[in-house]
Amino acid sequence: MATAYGGPDVLRIVDVDPGEPGPEQVLVEVRAAGINPADWKAYSGASGTDASRLPMRLGYEAAGTVLTAGPGVDGVAPGDDVLFQRSGAYAERLVVKAENVVRKPAALSWARAGGLLVVGSTAMHTVVATRVGSGDTVLVHGAAGGVGSMAVQLARVRGARVIGTASVANHEYLLDIGATPVAYGPGLADRVRALAPRGVDAAIDTVGTNEALDVSIALVKDRHRIATVAAFGRAPALRIQLLGHGPHADPGDDIRAAARPTLVDLVATGRIDVRIAGTYPLEQVARAHRVGLAGHVHGKLVLVR
Ligand SMILES: NC(=O)c1ccc[n+]([C@@H]2O[C@H](COP(=O)([O-])OP(=O)(O)OC[C@H]3O[C@@H](n4cnc5c(N)ncnc54)[C@H](OP(=O)(O)O)[C@@H]3O)[C@@H](O)[C@H]2O)c1
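Residues numbered from 1 in each chain as written. Predicted model: local features only at pLDDT ≥ 70, side-chain atom pairs only at ≥ 80, totals over all residues. Heavy atoms only, no water.

With that settled, the discussion passes to the overall build of the protein chain. Of regular secondary structure, the protein chain possesses nine helices and 13 strands. For the protein chain, the spread of C-alpha atoms along the three principal axes comes to 60 × 40 × 35 Å. Burial status across the protein chain gives 51% buried among its 305 residues. Looking at the protein chain alone, contacts between residues at least 24 apart form 65% of all its contacts between residues at least 6 apart. Of the side-chain charges in the protein chain, 31 are positive and 29 negative, and the distance between the mean point of each set is 6 Å. (Helix = DSSP H or I, 4+ residues; strand = E, 2+ residues; numbered from the N terminus. Buried < 20%, exposed > 50% of the residue type's maximum accessible area, 1.4 Å probe, protein only. Contact = heavy atoms within 4.5 Å. Lys, Arg positive; Asp, Glu negative; His and termini not counted. Charge placed at Lys NZ, Arg CZ, Asp CG, Glu CD.)

Here we take up the domain arrangement of the protein chain. Partitioning the protein chain into structural domains gives domain 1 (8–104 + 275–304) and domain 2 (120–242). On a C-alpha basis, the centres of domain 1 and domain 2 stand 29 Å from each other. Together, the buried faces of domain 1 and domain 2 total about 490 Å²; carbon and sulfur atoms form 42% of this surface. For domain 1, the biggest contributors to the area lost against domain 2 are Arg275, His296 and His298; these three give 70% of the whole. Put simply, domain 1 and domain 2 have zero salt bridges between them. Counted by class, the side of domain 1 that touches domain 2 contains no nonpolar, three polar and one charged residues. (Domains from an automatic or database assignment. Buried area = accessible area lost by both parts, 1.4 Å probe. Salt bridge = Lys/Arg side-chain N within 4 Å of Asp/Glu carboxyl O. Nonpolar A, V, L, I, M, F, W, Y, C, P; charged D, E, K, R; others polar.)

Take the site of the ligand next. In the vicinity of the ligand lie 24 residues, with Lys41, Ser167, Tyr184, Leu243 and His296 positioned nearest. Expressed as a share of its isolated accessible area of 930 Å², the protein-covered part of the ligand is 85%. Secondary structure elements with two or more residues in the shell around the ligand: helix H1 (37–44) and helix H3 (146–157). Of the residues assigned to the shell around the ligand, the class counts are 10 nonpolar, 12 polar and two charged. Here the shell around the ligand spans two domains, since at least three of its residues come from each of domain 1 (8–104 + 275–304) and domain 2 (120–242). (Near = heavy atom within 4 Å. Areas by Shrake-Rupley, 256 points an atom, 1.4 Å probe, with all protein chains shown as cover.)

Turning to the packing of helix H2 (residues 110–129) against H3, a few remarks are in order. For the pair H2 and H3, the least separation of the axes is 8 Å and the interaxial angle reads 55°. With respect to each other, H2 and H3 are oriented oblique. Considering the relative orientation of H2 and H3, their crossing is right-handed. Taking contact as the criterion, the partners of Leu116, Val119, Gly120, Thr122, Ala123, Met124, Thr126 and Val127 in H2 are, on H3, Gly146, Val147, Met150, Ala151, Leu154 and Ala155. Class assignment of the residues belonging to the contact of H2 with H3 gives a composition of 10 nonpolar, four polar and no charged. (Axes fitted to C-alpha atoms, helices over the stretch in contact; angles between N-to-C directions. Parallel < 35°, antiparallel > 145°, perpendicular 65-115°, else oblique. Left-handed = near helix turned anticlockwise from the far one by under 90°.)

A few words now on the side chain of serine 121. Within the secondary structure, serine 121 sits in helix H2. Only 2.7 Å separates the side chain of serine 121 from the backbone oxygen of leucine 117, close enough to count as a polar contact. Sequence-distant contacts of serine 121, defined by excluding residues within four places in its chain, comprise Gln85, Leu116, Arg256, Ala259 and Leu263. (Polar contact = N/O pair within 3.5 Å; in protein donor to acceptor, adjacent residues only side chain to side chain.)

What holds strands together in a sheet is hydrogen bonding between their backbones, with the strands either parallel or antiparallel. Strand order in this open sheet of six strands is E8-E7-E6-E9-E10-E11, and the pairing throughout is parallel. Every other strand in the sheet has two partners, leaving strand E8 (179–182) and strand E11 (241–242) as the edge strands with one partner each. The pairing of strand E10 (residues 226–228) with E11 spans two bridges and is parallel. Paired with threonine 228 across the strands is leucine 242, a residue of E11. (Pairing = 2+ DSSP bridges.)

Here we come to the pattern of salt bridges. All told, the structure shown has 11 salt bridges when counted by the stated rule. Note that glutamate 61 and lysine 300 form a salt bridge whose closest N and O atoms lie 3.9 Å from each other. Highlighted residues: glutamate 61 in strand E2 (residues 61–69) and lysine 300 in strand E13 (residues 300–304), separated in sequence by 239 residues. Like lysine 300, glutamate 61 is buried. Residue arginine 271 is joined to aspartate 265 by a salt bridge in which the shortest nitrogen-to-oxygen separation is 3.0 Å. Each member of the salt-bridge network shares a partner with another, and the members are Glu29, Arg93 and Arg305.

Now the structure itself:
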């Protein structure tokens, strides 16, 4: 939990009774919990320092084994391995709505299961919202990041060609997941034009920089085919799609919920992958956050037990 607003030093492990599962709920023993930028943004103070929100539980996704099921639970039973999205997911045990869990196939490792759903469902929202389809050329900003690498792979599954921005250290990885890499920084629009002489049909921004937005607007004719998950400040005035939770944003709850079983199937059958940058025991959560805060992590960071 975050016990104050600030940097990772404010994080503490606190004993909390998870409670018993009520009707249509299950109690899950957590094996892996994904780390996302939203976790440190919540306690950084960037979105306010409301003291009534402290101490603040962290995390939005996890994977684990069902221990007990409440009355009326259908389709999942004690002993089943599952993954789910829920706030406060950095925990050893959690009560979760049974309708929100997806079964974890044996082929999916705990770390990849714990880190799949937030980036995967967000990326699915971006490709659905921008109507990415066969024959499209799509520009993905931050293509080596958690959301970006998922957007690349899902766009490829839909038959699109993808050009992805990343630092040079990540270019080989982009080639591995099927994107044409391009370095971000001054001259980006011209470099993309050279790679896509017939134009760019859609753009997906996972970075939120002015450069990512301005280049997208310069290259994509239809603003409804530009989506950002990070530029909460500028997106409304630019009339591009803003996806996620916040003022003027489309949360896309139905699209994201429907994406979960599809994502699990795509990863379990090897058609897309979740790259793991590092796994950490819960006790080392502050260390893991420091790595993520540096901003150039190569894959998902996951807390494991
Ligand atoms: N709205 C939503 O629903 C939603 C959901 C999930 C996440 N998000 C947001 O989406 C953003 C990305 O999340 P994530 O989990 O994908 O983060 P991440 O895994 O840390 O990836 C961020 C990527 O950004 C790249 N990057 C850094 N500076 C860049 C620049 N100037 N230009 C282009 N790329 C740059 C880095 O790649 P290099 O190392 O190659 O530079 C890094 O791989 C965060 O702001 C997060 O809060 C929003």
